[in-house]
Amino acid sequence: MKPGIHPAYGPVVFRDSASGTAFLTRSMMTSDKTVEWEDGNTYPVVDVEISSASHPFYTGTARVLDTAGRVERFERRYGAR
């Protein structure tokens, strides 16, 4: 790799504002805000609106739409051609 052209890649804490959970991972994102992590080190923190901790698909609260019923209702309303 060429030196000096790649962004810095290091540990970053992502904090989910919807559920309040946080996780430490590596990323190229940076932030002026910092947080002291469980290991005693200080890392930049990036606030995100939704993550796997609060997304309905991952938490099991997702609604399943009845697509077959919608198609049948459309055909009843407008007729199958």
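This text follows the structure it describes.
Things to note about a positive patch on the surface
Consideration 1: A cluster of basic side chains, namely R63, R70, R73, R76 and R77, defines a positive patch on the protein surface.
Consideration 2: Looking at the element boundaries, R76 is found in helix α2 (residues 67–78).
Consideration 3: Accessibility expressed as a relative area gives 64% for R76, which makes it exposed.

Re the sheet that holds strand β4 (residues 42–48)
Consideration 1: Strand order in the open sheet formed by four strands is β2-β1-β4-β3, with mixed pairing between adjacent strands. Every other strand in the sheet has two partners, leaving β2 (22–27) and β3 (34–36) as the edge strands with one partner each. Mean inter-strand twist for the sheet, computed between neighbouring axes without regard to direction, equals 45°.
Consideration 2: By the bridge criterion, four bridges tie strand β1 (residues 10–16) to β4 in an arrangement that is parallel.

What counts, and where the lines are drawn
Residues numbered from 1 in each chain as written. Predicted model: local features only at pLDDT ≥ 70, side-chain atom pairs only at ≥ 80, totals over all residues. Heavy atoms only, no water. Patch = residues over 30% accessible without salt bridge, like charges linked within 9 Å, V, L, I, M, F, W, Y side chains within 5 Å. Areas by Shrake-Rupley, 256 points an atom, 1.4 Å probe, with all protein chains shown as cover. Salt bridge = Lys/Arg side-chain N within 4 Å of Asp/Glu carboxyl O. Lys, Arg positive; Asp, Glu negative; His and termini not counted. Charge placed at Lys NZ, Arg CZ, Asp CG, Glu CD. Helix = DSSP H or I, 4+ residues; strand = E, 2+ residues; numbered from the N terminus. Buried < 20%, exposed > 50% of the residue type's maximum accessible area, 1.4 Å probe, protein only. Pairing = 2+ DSSP bridges. Axes fitted to C-alpha atoms, helices over the stretch in contact; angles between N-to-C directions.

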